[in-house]
Amino acid sequence: MAASPGRRKSFKSGGQKVPGAVRGKSGRFKRDGQPPAAVKDAAAVEDDEDSDEPAPLPRGGTKSGLGRGSRKTRRPEKRGESRASRATDGDRSGGTPAGPGGLDLVRASGFRRGLPIAVKFAIPTAATVAFFMALLGYLTYSITYREIDGQIDERGIALTLSIAALADRAIWEVPEDLKDILENPDDALQLKAAEDELLDRRKALEESLEPRLRQIVASSDGEIINVLLVRDFRTTPGQMASGEGANEEISIGELVKTKDIGLVEIFEARYSRGDTDVRSRQYRRPIDPDHPLAKNDGVYVFLKADRIDEVTKNLRTRIALITAIGAIAGIILAVIIAMVLTGPIRSLERDITIVSGGNLDHNTIPRSRDEIGSLAHSFNVMTQNLMVAQANAVEREAIERELSIATEIQTKLLPERIPQIPGVDIHSFYLSAKEVGGDYYDFLVLDQQHLGIIVADVSGKGIPGSMVMTMFRSLVRLASVRNTSPSDTFKKVNRILAKDIRRGMFVTAVYMILDVQNKTLKVASAGHNPSVLYRAKTNTVELINPQGIALGFDKGPIFDNHIREQEIVLEEGDRITAYTDGVTEAMSEKGDEYGDEPFYDLVRETAKKSSKDFVASVVESLEGHRGRAEQSDDITVTTLAIQS
């Protein structure tokens, strides 16, 4: 008869704590001193310490000393009293309005917003676009600049080579008639005349080149500053021919060599001549490196460097403009894309804010077919499930309140006091696995000499079991009036119970009637666990299990034919214990039952204790066996011992 877990509590028994055995969700035991509503230890109803006077018996007299002590108890805790109901009570007293489920709603506006996700997306995207556009512009400028610079150098080199080829090699040739005079200078006058003639001849040839050089300079549209043929160009050059003529002296600033390409040397320098003062790029080369006389003379070509600067500047400006336009376009595009992509997110945020405000009827509309659309759909499903959960929570709260009432009612159905009988030590313990249980125990004062003690177990737990238990209790109390036969009482109860009980449900019970004067005990069992009788003289235990079937199976004949009762004579020190199967079938964490034999051994070992200490030992042993496992069934233990 498995049952779902309840809450574990501990409660007082005659000023001493007796551990409870109801386990919560964690499986651990709590000891907070507060009795659960559906759990009642009969020890909690013993006489007050300052009141030993027995209560009056029905029909007068206390000849046998059979009576009831006063009850010492507290208002039971209501398990159905939840946080929601407490919140509702707070509302009635002027508290803040509660939302669904009875709890105050949290406003979504309390969240401190940072940068929107569109901005977080657009900033790195725009920065990435701007960076790559700048990198692309820089690479484009660098490659183009090198290409233009190379083309300029190629043109300068080609021009230098052309002018070197243009020079007439006759300048460096000596006529045969002057060669003998120059090689054999016997006559000084003749030698002087030969040298002058050779010099005049060279000047004439050099002057014949100048028109061509001027034409080259003039046709360059200002790009070529000057073209020179010079002597000893590697040391102190002397001008041979100039593209600008030889009227004014040429001044060249500090040369900065940039590169060598073949025999051509390239320099950067200031070029000054008359009113002209510009930065120039200079190309120089020997006219004929293989000629013994021409190899020391060379060609100078001067190109305007500011023209190169102007071209590169224009190139840089255009590339920078294109790069900036591309970067701005990329940033704008990134912002637009961010706004478009995050639009569904913003819409979903608004919908979530509405729902978080308590409007569970609001639905969001999926605006895309991607993950955001799937999230919106899942949010709608979540909202619908939340509405269902809210309705279930309200229903569950109502059920818990009803269970609280049922728990309180069942608590009042259990005995309020333990009978105080001279020479008899009685104690009971009851612990339900749920808020309400299906176990039942009771003490019935039949007359001044007889006390009925009953322990029963209803198949099924929870509310159905408690309802059958309530029906069974009423029938037993009616059938036991002036009836000292336990078997006859069971027969009367079964005839009515079997007609009304639900099919498949039944009740097992053991009913003992104690003759308090003669210390005899009549026992009848309706399919219940055998009672354990401890004999003090022999220090052994006996099982008291008269024949009988459970109540509710049969409407009369079969039950009546099977029920038997057994009479027992109790002696000093003897103890009899009745219990339900929740004791021997208590499950451990590994799924092992407590077992019958360990219980019998425990009875024998602790039988000489007081009844209250005996019950406490049983409960403690059950708790140790169960550990963190859930309580599987209701637990009831009732024991009485004969004292001297």
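Data block above holds the structure.
It should be emphasised that the depicted structure is a prediction, and the values quoted were computed from it without experimental measurement.

Description of empty space enclosed by the protein
One way to see where empty space is left: roll a probe the size of a water molecule over the atoms.
Next, step 1: Per the stated rule, a full pass over the model turns up 1 cavity of 30 Å³ or more.
Next, step 2: Counted as a void, the largest cavity has a volume near 50 Å³.
Next, step 3: If you go around the largest cavity, the residues you meet are Pro344, Ser347, Leu348, Thr364, Ile365, Pro366, Arg367, Ser368, Ile372, Gly373 and Ala376.
Next, step 4: Broken down by secondary-structure element, the contributors of at least two residues to the lining of the largest cavity are α5 (305-356) and α6 (371-413).
Next, step 5: Residue composition of the lining of the largest cavity, grouped by class: 6 nonpolar, 4 polar and 1 charged.

Topic: unusual backbone geometry
When glycine is set aside, most residues are seen to have a negative phi, and most peptide bonds are trans.
Next, step 1: In the Ramachandran plot, Lys519 falls in the positive-phi region, its phi being about 55° despite a non-glycine side chain.
Next, step 2: Along the polypeptide, Lys519 turns up in the loop between β15 (507-515) and β16 (520-526).
Next, step 3: Residue Asn539 is not a glycine yet carries a positive backbone phi of 55°.
Next, step 4: For Asn539, the location among the structural elements is in the loop between β17 (531-535) and β18 (540-544).

Quick word on helix α11 (residues 596-606)
Along an α-helix, residues three or four positions apart point the same way, because every turn accommodates 3.6 residues.
Next, step 1: Turning to α11, its buried residues are Phe599, Tyr600, Leu602, Val603 and Thr606. One face of α11 carries all of its buried residues, which in axial projection span an arc of 160°. Residues of α11 that are exposed and angled more than 90 degrees away from the buried face: Glu597 and Glu605.
Next, step 2: Turning to α11, the residues buried within the fold contact β17, β18, β20 (575-579), α10 (581-584) and α12 (611-626).

Examining the side chain of Ser459
Next, step 1: As for its placement among the helices and strands, Ser459 is situated in the loop between β14 (450-458) and α7 (462-479).
Next, step 2: Within the structure, Ser459 has its side chain in polar contact with the backbone nitrogen of Phe506 (distance 2.9 Å).

Quick notes on the packing of α11 against α12
Next, step 1: α12 packs onto α11 with a crossing angle of 145° between their chain directions and a minimal axis gap of 10 Å. Considering the relative orientation of α11 and α12, their crossing is right-handed. Touching Phe599, Leu602, Val603 and Thr606 of α11 are Phe614, Ser617, Val618 and Ser621, all from α12.

Some words on the sheet that holds strand β21 (residues 635-642)
Next, step 1: Strands sit in the order β12-β21-β20-β17-β18 across an open sheet of 5 strands; the sheet is antiparallel. Both edges of this open sheet fall to β12 (424-431) and β18, since each of them pairs with a single strand only. Neighbouring strand axes in the sheet, compared pairwise and without regard to direction, differ in orientation by 15° on average.
Next, step 2: With respect to the sheet, α12 is in contact with β12, β20 and β21, its orientation differing from that of β21 by roughly 150°.

Regarding the sheet that holds β16
Next, step 1: Strand order in this open sheet of 5 strands is β13-β14-β15-β16-β19, and the pairing throughout is antiparallel. Of all the strands in the sheet, just β13 (439-445) and β19 (565-569) have a single pairing partner and so form its edges. Taking each pair of neighbouring strands and ignoring which way they run, the sheet shows an average axis angle of 15°.
Next, step 2: Bridge count for β14 against β15 is 9 bridges, and the pairing is antiparallel. Bridge pairing links Gly452 to Ile513 in β15.
Next, step 3: Across the sheet, α7 lies against β13, β14 and β15, angled at about 15° from β13, the strand it touches most.

Rules used in this analysis
- Residues numbered from 1 in each chain as written.
- Predicted model: local features only at pLDDT ≥ 70, side-chain atom pairs only at ≥ 80, totals over all residues.
- Heavy atoms only, no water.
- 1 Å grid on protein atoms, 1.4 Å probe; cavity = no way out; pocket = protein on both sides within 12 Å on 5 of 7 lines; lining within 4 Å.
- Points joined across faces, edges and corners; volume = space filled by probe spheres on them.
- Helix = DSSP H or I, 4+ residues; strand = E, 2+ residues; numbered from the N terminus.
- Nonpolar A, V, L, I, M, F, W, Y, C, P; charged D, E, K, R; others polar.
- Buried < 20%, exposed > 50% of the residue type's maximum accessible area, 1.4 Å probe, protein only.
- Arc of directions from axis to C-beta.
- Contact = heavy atoms within 4.5 Å.
- Polar contact = N/O pair within 3.5 Å; in protein donor to acceptor, adjacent residues only side chain to side chain.
- Axes fitted to C-alpha atoms, helices over the stretch in contact; angles between N-to-C directions.
- Left-handed = near helix turned anticlockwise from the far one by under 90°.
- Pairing = 2+ DSSP bridges.

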